[in-house]
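# Reading the structure
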Amino acid sequence: MIDSLGSSDIPAIAPRFERAMRLATRGHYFQFRKRNGNVTCSALEQPLPEACVPYVAHLMGVVTILAGLGADDRILAAAVLHDYLEDVPDPQGAETILAATDDETLALVQELTEDKRDHVAQDRTWELRKQEQLEAMGSMTPDAVLIKAADLLHNVTSLIHDLRQATDREQVWDRFNAGRDRQLWYFDQVRVIASDRLGPDHRLSCSLSAAVATVRALDSRRRRCGFSP
């Protein structure tokens, strides 16, 4: 039991992670998770509608998974910033991360950053971008592989939640540019590479395999019941 706020049993938040968390929440402040239908979300709306999930929820989910594995503050700092260079409109993003954290954190974030080719529609570059990610996973540092696997695990876990809650599961899949089949293919590819890099018995490998299997089972059940298009 915690006796007081001054108890030495309370783990301190490392300064590097605190700075990274503040930067990530500022950078992604106006961003939201993918959602069904034509729901419009605004960070100024209080309270937010249930369909409007701030993007920072994903970052916290990834950090929670890694913290549960005992990851150090360097990995946690990179995890909370893993989408900063891709998704935050900061022309000096790398310098911003370096100023807030250090070169180790920045190097991890850069390993995890894909070239989104913003001048081209995402659905036209999806396969190329994902193939590049898969190839990169083969040579990533082990710490970057951990973050990548935790990133997908949280995404798949969130997808499971949404599929189970949805009255129309097609709307859940429709929010993905790649569609159901290509998305499931990508999940499987990351799962296989993560298992190879981390080991099939690693807790993260096992959790990711179980989550992907659950998504496939939900999808198969829907099709058996005659709900496929």
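Please read all numbers here as calculations on a predicted model, not as lab measurements.

## Details of the overall build of the protein chain
- When helices and strands are tallied, the protein chain shows 11 helices and 0 strands.
- If you list the helices and strands of the protein chain from N to C, you get α-α-α-α-α-α-α-α-α-α-α.
- Residue burial in the protein chain is summarised as follows: out of 229 residues, 43% are buried.
- In the protein chain, 67% of the contacts between residues at least 6 apart in sequence involve partners at least 24 apart.
- By element, 51% of the accessible surface of the protein chain is carried by carbon and sulfur atoms, the whole surface being about 12500 Å².

## Considerations on the pattern of salt bridges
- Summed over all chains, the structure comprises 13 salt bridges.
- The shortest N-O distance in the salt bridge between arginine 16 and glutamate 104 comes to 3.4 Å. Placement of the pair is arginine 16 in helix H1 (residues 15–27) and glutamate 104 in helix H6 (residues 103–112), with a sequence separation of 88 residues.
- What makes arginine 16 buried here is its relative accessible area of 16%.
- Residue glutamate 18 pairs with arginine 22 through a salt bridge whose shortest N-O separation is 2.8 Å. With glutamate 18 and arginine 22 both in helix H1 and 4 residues apart, this pair spans about one turn of that helix.
- What emerges from the salt-bridge pattern is a single network uniting Arg16, Asp73, Asp102 and Glu104.

## Let's talk about the nonpolar core
- Core analysis: the biggest nonpolar cluster contains 58 residues, and Leu66 and Leu81 have the highest contact counts within it.
- The biggest single contributor to this core is helix H8 (residues 142–165), with 12 residues.
- Setting aside anything within four residues of it in sequence, one finds leucine 81 in contact with Ala20, Leu23, Ala24, Ile97, Thr101, Thr105 and Val109.

## Observations concerning the layout of surface pockets
- In this structure, the largest pocket occupies an estimated 1400 Å³ of space.
- Around the largest pocket sit 44 residues that line it, and Arg33, Lys34, Tyr55, Asn155 and Phe176 are the ones nearest its centre.
- Looking at the lining of the largest pocket, the element that brings in the most residues is H8, giving 12 residues.

## Digging into unusual backbone geometry
- Cis geometry is found at the peptide bond from glutamine 46 to proline 47, where omega equals -10 degrees.
- Inspection of the secondary structure puts proline 47 in the loop between H1 and helix H2 (56–68).

## Considerations on the side chain of glutamate 86
- Within the fold, glutamate 86 resides in helix H4 (residues 84–87).
- In this structure glutamate 86 comes out as buried when scored by relative accessible area, which is 16%.
- Among the polar contacts listed, one links the side chain of glutamate 86 to the backbone nitrogen of glutamate 114, at a separation of 2.9 Å.
- Residue contacts for glutamate 86: discarding those within four places in its chain leaves Leu112, Thr113, Glu114 and Lys116.

## Looking at the packing of H2 against H8
- Put simply, H2 and H8 touch, their axes get as near as 9 Å, and they point 120 degrees apart. Taken together, H2 and H8 sit at an angle that is classed as oblique. Considering the relative orientation of H2 and H8, their crossing is right-handed. Across from Ala57, His58, Gly61, Val62, Ile65 and Leu66 in H2, the residues of H8 making contact are Leu146, Ile147, Ala150, Asp151, Leu153, His154 and Asn155.
- Residues that form the contact of H2 with H8 fall into these classes: 8 nonpolar, 4 polar and 1 charged.

## Let's talk about the packing of aromatic side chains
- The full count for this structure, using the stated rule, is 4 aromatic pairs.
- Taking 5.9 Å as the distance between ring centres and 45 degrees as the angle between the ring planes, the aromatic pair formed by tryptophan 173 and phenylalanine 176 counts as tilted. The two residues tryptophan 173 and phenylalanine 176 agree in class, both being buried.
- Each residue in the set Trp126, Trp185 and Tyr186 is aromatic and connected to the rest through ring pairs, giving one cluster.
- If you follow lysine 130 out to its NZ or CZ, it ends over the ring of tyrosine 186, 5.0 Å from the centre.

Cut-offs and rules
All residue numbers here refer to positions counted from 1 along the written sequence of the relevant chain. Local features in this predicted model are restricted to residues of pLDDT 70 or higher, and side-chain atom pairs are both shown and tallied only at a pLDDT of 80 or more, whereas totals for entire chains, interfaces and linings draw on every residue. Side-chain numbers here rest on the full set of heavy atoms in the structure, without hydrogens or water. Segments assigned H or I by DSSP are reported as helices when at least four residues long, segments assigned E as strands when at least two residues long, and all are numbered from the N terminus. Exposure classes here rest on a 1.4 Å probe applied to the protein chains alone. A residue is buried below 20% of its type maximum, exposed above 50%, and partly exposed in between. By definition, residues are in contact when any of their heavy atoms lie within 4.5 Å. A 1.4 Å probe and the Shrake-Rupley method give the accessible areas. Residues count as covered only by the protein chains that appear here. Just to be clear on terms, a salt bridge is a Lys or Arg side-chain nitrogen sitting within 4 Å of an Asp or Glu carboxyl oxygen. Nonpolar core, defined: a set of buried Ala, Val, Leu, Ile, Met, Phe, Trp, Tyr and Cys residues in which side-chain atoms within 4.5 Å join the residues together. A 1.4 Å probe that fits into a set of points on a 1 Å grid over the protein atoms alone but cannot get out defines a cavity; an open set with protein on both sides within 12 Å along at least five of seven lines defines a pocket, and lining residues are those with an atom within 4 Å of a point. Grid points are joined across faces, edges and corners, and a volume is the space filled by probe spheres set on the points. Any N or O atom pair separated by 3.5 Å or less is treated as a polar contact, with the protein-specific requirement of one donor-capable and one acceptor-capable atom, and with residues adjacent in sequence counted only for side-chain atom pairs. Axis definition: a line fit to C-alpha positions, over the contact stretch in the case of helices; interaxial angles, taken between N-to-C directions, run 0 to 180 degrees. Angular relationships are summarised with four words: roughly parallel below 35 degrees, roughly antiparallel beyond 145, roughly perpendicular across 65 to 115, and oblique for the angles in between. By convention, the crossing between two helices is left-handed when the near helix turns anticlockwise from the far helix through less than a right angle, and right-handed when the turn is clockwise. Gly counts as polar in this scheme, as do all residues outside two lists: the nonpolar Ala, Val, Leu, Ile, Met, Phe, Trp, Tyr, Cys and Pro, and the charged Asp, Glu, Lys and Arg. The criterion for an aromatic pair is that two Phe, Tyr or Trp rings (for Trp, the six-membered ring) have centres within 6.5 Å, with stacked assigned to planes under 30 degrees apart, edge-to-face to planes over 60 apart and tilted to the rest. To sit over a ring, a charge needs its Lys NZ or Arg CZ within 6 Å of the ring centre and within 35 degrees of the ring normal.

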